[in-house]
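# Results of the structural survey
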Amino acid sequence: MRTTMTASPFSPSTDRPHRGGARLLADIGGTNCRFVLELGPGRLEAVEVLPCADHATLGDAMRAYLGSAAVKAISAAPIRHAAIAIANPVNGDYVRMTNHHWEFSTEALRQECGFEILLVVNDFSALARSLPHLGEQKRQVGGGAPQPDAALGLLGAGTGLGVSGLVPCGDSWTALRSEGGHVSFAPVNEQEIAILQYAWREFEHVSFERFLSGAGVELIYRALADRAGRPDERLDAAEISRRALSGECALCDEVLEAFCGMLGTVAGNLAVTLGAQGGVYIGGGIVPRLGERFDRSSFRRRFEQKGRFAGYLADVPTYVITAEYPAFLGVSAILSEKLSD
């Protein structure tokens, strides 16, 4: 199945085209790959979402997009410059995806597709680089005004828990390559102690990611059902969220509340660790779907619950990322810096 969006969801900042022609930007996940053409700064057109399973290799998927009628109608000239954000560690030339069967050499892929420059970066690094470019594509949840020239924090709960930060570096930014989702979980109340004790039945080491992820929502549900002496209905994360948001299941709502509180704790940890007075941003696939339920949860109270540093954190803004394709903004910035060098 191919989903096409030829109307740009982005706000053009200028009509000036890129020197060197249109650029290809991509966001590659384990299930879908997303492509777009960047015609000039802020001018993104012809978004397509292609199922990874429909293509034997990433090169096949890229060539299918570049050969599509939507792309040909916009840019008849060959694409010379491309940048890919991928949900995978990127160390060196060779990339082997952990959540899909694709594997490739960046240099071989560059030659296969005829690019002069091809950059491949971790998707969370790209998401971090998008933060200064979000504009109105975010929603503030508590706190004051961001401090200029200060570090930014980033969390994203989805398949796992992504953690990063953005540190000012001259007139640019440096994205941190963090694995902070795997820090040890620290309970702050009796309920969370019980949830942790339940998780210890399955895992020797319980990280924040064990709870702040899709699988984590399910683990919290099993733990709270066990604590309440209720049968485990084996609900998946999507059904737990649906029942909670519809108001039809008090236990499911309790699960979401526990999730949001835990996320507040780890977000506050990140803020004081980085000195992220520019704000802490929440992305990933779970929180943006919770809407106002997240805004009225214990997230912000738990974010500030740091004893002597409560006043410090009260001033730090927290944001939910609402952009539909934020990784495109990040890889665009990374590619632009590379080409300006």
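Residues numbered from 1 in each chain as written. Predicted model: local features only at pLDDT ≥ 70, side-chain atom pairs only at ≥ 80, totals over all residues. Heavy atoms only, no water.

Stated formally: UniProt positions are given in the numbering used here, feature names are shortened, and annotations may be inferred rather than shown by experiment.
The name given to the protein in an unreviewed UniProt entry is Glucokinase, with Massilia timonae CCUG 45783 as the source organism. Recorded in UniProt under Catalytic activity (unreviewed entry), the annotation for the protein is "D-glucose + ATP = D-glucose 6-phosphate + ADP + H(+)". The protein has a UniProt comment under Subcellular location (unreviewed entry) that states "Cytoplasm".

## Describing the UniProt feature "binding site: ATP" (unreviewed entry) in the protein
Which entries qualify depends on this criterion: Under the DSSP-based scheme used, a helix requires at least four consecutive residues in state H or I and a strand at least two consecutive residues in state E, with every element numbered from the N terminus. We call two residues contacting when some pair of their heavy atoms lies within 4.5 Å.
Mapped onto this numbering, the UniProt entry annotates "binding site: ATP" (unreviewed entry) at Ala26, Asp27, Ile28, Gly29, Gly30 and Thr31. Relative to the helices and strands, Gly29 is located in the loop between β2 (23-28) and β3 (32-40). Residues in contact with Gly29, not counting those within four places in the same chain, are Cys52, Ala87 and Met97. Counting through the fold element by element, Gly30 comes out in the loop between β2 and β3. Discounting chain neighbours no more than four positions away, the residues touching Gly30 are Cys52, Met97, Asn99 and His100.

## Things to note about the sheet that holds strand β9 (residues 138-140)
As a reminder, the rule being used: Here the rule is simple: two strands pair whenever DSSP picks up at least two bridges between them. Angular values range over 0 to 180 degrees, each being the angle between N-to-C directions of two axes fitted as lines to C-alpha atoms, with helices fitted over their stretch in contact.
Strand order in the open sheet formed by six strands is β9-β14-β13-β10-β11-β12, and the pairing between neighbours is mixed. Here the strands that pair on one side only, and so sit at the sheet edges, are β9 and β12 (172-175). On average, each strand axis in the sheet is inclined to that of its neighbour by 25 degrees, with strand direction left out of account. As paired elements, strand β10 (residues 152-157) and strand β11 (residues 161-169) share six bridges and run antiparallel to each other. If you follow Gly156 over to β11, its bridge partner there is Gly162. On the sheet, helix α4 (residues 123-130) packs against β10, β11, β12 and β14 (318-321) and is oriented at approximately 50 degrees with respect to β11.

## Remarks on the state of the cysteines
Selection rule: Any pair of cysteine sulfurs within 2.5 Å is marked as a disulfide. Burial classification: accessible surface area is computed with a 1.4 Å probe over protein chains only, and a residue below 20% of its type maximum counts as buried, one above 50% as exposed, and the rest as partly exposed.
Tallied over the full model, the rule gives zero disulfides. Take Cys33: it sits in no disulfide, and the sulfur closest to it among the cysteines is that of Cys52, at 4.4 Å. For Cys33, a relative accessible area of 0% translates into the label buried. Between Cys260, a free cysteine, and Cys252, which holds the nearest cysteine sulfur, the sulfur-to-sulfur gap is 14 Å. A relative accessible area of 1% places Cys260 in the buried class.

## Digging into the packing of aromatic side chains
Working definition: an aromatic ring pair is given by the centre-to-centre distance plus the angle between the planes. So the rule is basically this: Ring geometry is summarised as follows: Phe, Tyr and Trp rings, the Trp one being its six-membered ring, pair when their centres sit within 6.5 Å, and such pairs are stacked at plane angles under 30 degrees, edge-to-face over 60 and tilted between the two.
Tallied over the entire structure, the rule returns eight aromatic pairs. Relative to Tyr65, the ring of Phe35 lies with its centre 5.2 Å away and its plane at 20 degrees, an arrangement referred to as stacked. Of this pair, Phe35 sits in strand β3 while Tyr65 sits in helix α1 (residues 58-66), and the two are 30 residues apart along the sequence. For Phe35, a relative accessible area of 0% corresponds to the buried category. Owing to a relative accessible area of 0%, Tyr65 belongs among the buried residues under this scheme. Aromatic side chains Phe185 and Phe211 sit 4.8 Å apart centroid to centroid with 70 degrees between the ring planes, which places their arrangement in the edge-to-face category. Separated by 26 residues along the polypeptide, Phe185 in the loop between β12 and α5 (190-199) and Phe211 in the loop between α5 and α6 (214-227) bring together distant segments of the chain. Under the relative-accessibility criterion, Phe185 is labelled buried at 8%.

## Some points on the pattern of salt bridges
This is how the line gets drawn: Each reported salt bridge corresponds to a side-chain nitrogen of Lys or Arg within 4 Å of a carboxyl oxygen of Asp or Glu.
Tallying each qualifying case throughout the model produces 19 salt bridges. Across the salt bridge formed by Arg80 and Glu116, the nearest N and O atoms sit 2.9 Å from each other. Here Arg80, found in the loop between α2 (69-74) and β5 (81-86), pairs with Glu116, found in the loop between α3 (106-113) and β8 (117-122); they are 36 residues apart in sequence, far enough to count as distant. Arg80 sits in the partly exposed class, given a relative accessible area of 32%. On the basis of relative accessible area, Glu116 is assigned to the partly exposed category, the value being 47%. One network of salt bridges, in which partners are shared, links Glu233, Glu239, Arg242, Arg243 and Glu248.

## Overview of the environment of Pro17
Tracing the backbone shows Pro17 in the loop between β1 (3-5) and β2. The exposed category is assigned to Pro17, whose relative accessible area is 53%. For the pair formed by Pro17 and Leu119, sequence separation is 102 residues and the distance between their alpha carbons is 20 Å. Excluding anything up to four places from it in sequence, Pro17 contacts Leu39, Gly40 and Arg43.

## Re α6
Our working definition: Here, expected helix span is obtained from the residue count minus one, scaled by 1.5 Å.
When the terminal C-alpha atoms of α6 are compared, their 20 Å separation across 14 residues agrees well with the 20 Å that a helix rising 1.5 Å per residue should span. α6 sits mainly inside the fold: ten of its 14 residues count as buried. When we look at burial in α6, the residues that qualify are Gly214, Gly216, Val217, Leu219, Ile220, Tyr221, Arg222, Ala223, Leu224 and Ala225. Where α6 is buried, its residues contact α5, α7 (237-246) and α8 (250-274). The positive-phi residue at the C-terminal boundary of α6 is Gly229, with phi of around 70 degrees.

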